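Structure assessment
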Amino acid sequence: MGKAVASGGSGAGVTSAVTGQGVQSVDRALGILEVLARVGEAGVTEIAVELDVHKSTAFRLVATLEAHRLVEQTVDRGRYRLGVGILRLAGATTARLDLVQEARPLCRQLAADTGETVNIAVLSESSALYLDQVAGSSALQPHNWVGQHIPLHATSNGKVLLSGLDAAKLETVLGTLAPYTPQTITRRALLRQELDRVREQGYALAVDELEVGLTAVAAPIRNAHGDVIASMSVSGPSFRLPADRLDDVVRLVVEAAVEVSHRLGWGHR
């Protein structure tokens, strides 16, 4: 019994130590990127001195960063600089910032015209990620969705984002179609039919599908190549967005999303 207890205690200590080492390694790797961003290029010995670590540790971290193309060797072998992987990551961030910047004026106008909450969402693995939100005059203390993830199959934004995927990608992205309300689409065949409808009509509706009493309309935002890169939506209580009002809201959302798409280069307008 004593040995078992001792073994358990030792295991916990090892786990804690490994976790601590992992965090320390991440911290040091980020330190290397910061050093290279500051000095331009450096050798392993210089990096080790900057981080106050052994040269072998610095070499191991640099090799890992190089494998992910976050650093690369210069023509002068043995010296390193920031790699093209940094540009890829920065480019993704820049594209999202450009999207928000171009969409913001249209979001504000759409919120003013409808009085409801306007959101911009993008695909993030198997969910939709909200990038921006503008509250309309009718939205009293609206929930801030920026930075939050929502299900794809039960929301208008999600349906729009799914409608831009090919069949293979769609299968990869879709997980279990969880039922949030009795109106949630939980069968893949029905969801595919719904996505065909979204592609054909150019917008998506979600009435009481994520939450009873919540209605949302969304339309696609496209890049210069015509790919669906984001979704713009108007959402509010179902009693403020009844069927006889939805036609006008749909028109406004589609027009705003098309204008954002033009600003991003779609249609070469």
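Now for a look at the structure at hand. (Residues numbered from 1 in each chain as written. Predicted model: local features only at pLDDT ≥ 70, side-chain atom pairs only at ≥ 80, totals over all residues. Heavy atoms only, no water.)

1. What to know about the overall build of the protein
Helix and strand counts for the protein come out as 8 helices and 9 strands. Burial analysis of the protein (269 residues in total) assigns 40% to the buried set. (Helix = DSSP H or I, 4+ residues; strand = E, 2+ residues; numbered from the N terminus. Buried < 20%, exposed > 50% of the residue type's maximum accessible area, 1.4 Å probe, protein only.)

2. Here we look at the sheet that holds strand β5 (residues 127-134)
With antiparallel pairing, the 6 strands of this open sheet are ordered in space as β6-β5-β4-β9-β8-β7. The sheet terminates laterally at β6 (149-150) and β7 (204-207), the two strands that pair on one side only. Relative to β6, β5 is paired through 2 bridges, and the arrangement is antiparallel. The partner of Ala128 across the bridge, within β6, is Ile150. Strands β7, β8 (214-222) and β9 (228-237) of the sheet are contacted by helix α8 (residues 243-263), whose axis makes an angle of about 25 degrees with β8. (Pairing = 2+ DSSP bridges. Contact = heavy atoms within 4.5 Å. Axes fitted to C-alpha atoms, helices over the stretch in contact; angles between N-to-C directions.)

3. Observations concerning the sheet that holds strand β3 (residues 79-82)
Strand order in the open sheet formed by 3 strands is β1-β3-β2, and the pairing between neighbours is antiparallel. Of all the strands in the sheet, the pair left with one neighbour each is β1 (42-43) and β2 (71-73). Across 3 bridges, the pairing between β2 and β3 is antiparallel. By the bridge assignment for β3, Glu72 is matched with Arg81. Across the sheet, helix α3 (residues 55-67) touches β2 and β3, and the angle it forms with β2 is around 100 degrees.

4. Points about the packing of aromatic side chains
In this description, a pair of aromatic rings is defined by centroid distance and the angle of the planes. Taken as a whole and judged by the stated rule, the model has 0 aromatic pairs. Over the ring of Trp266 we find Arg222, and its NZ or CZ is 5.9 Å from the ring centre. (Phe/Tyr/Trp six-rings, centres within 6.5 Å; stacked < 30°, edge-to-face > 60°. Lys NZ or Arg CZ within 6 Å of the ring centre and 35° of its normal.)

5. What to know about helix α7 (residues 188-201)
Here α7 spans 20 Å end to end across 14 residues, near enough to the 20 Å set by a 1.5 Å rise per residue. When α7 is considered as a whole, its buried residues turn out to be Leu191, Glu194, Leu195 and Val198. Along the axis of α7, the buried positions cluster into a sector of 100 degrees, meaning they face one direction only. Turning to α7, the residues buried within the fold contact α5 (156-163), α6 (167-173) and β7. Phi turns positive one or two residues past the end of α7, at Gly202, with a value near 85 degrees. (Expected span 1.5 Å × (residues − 1). Arc of directions from axis to C-beta.)

The quantities given are spatial measurements derived from coordinates; they are silent on function.
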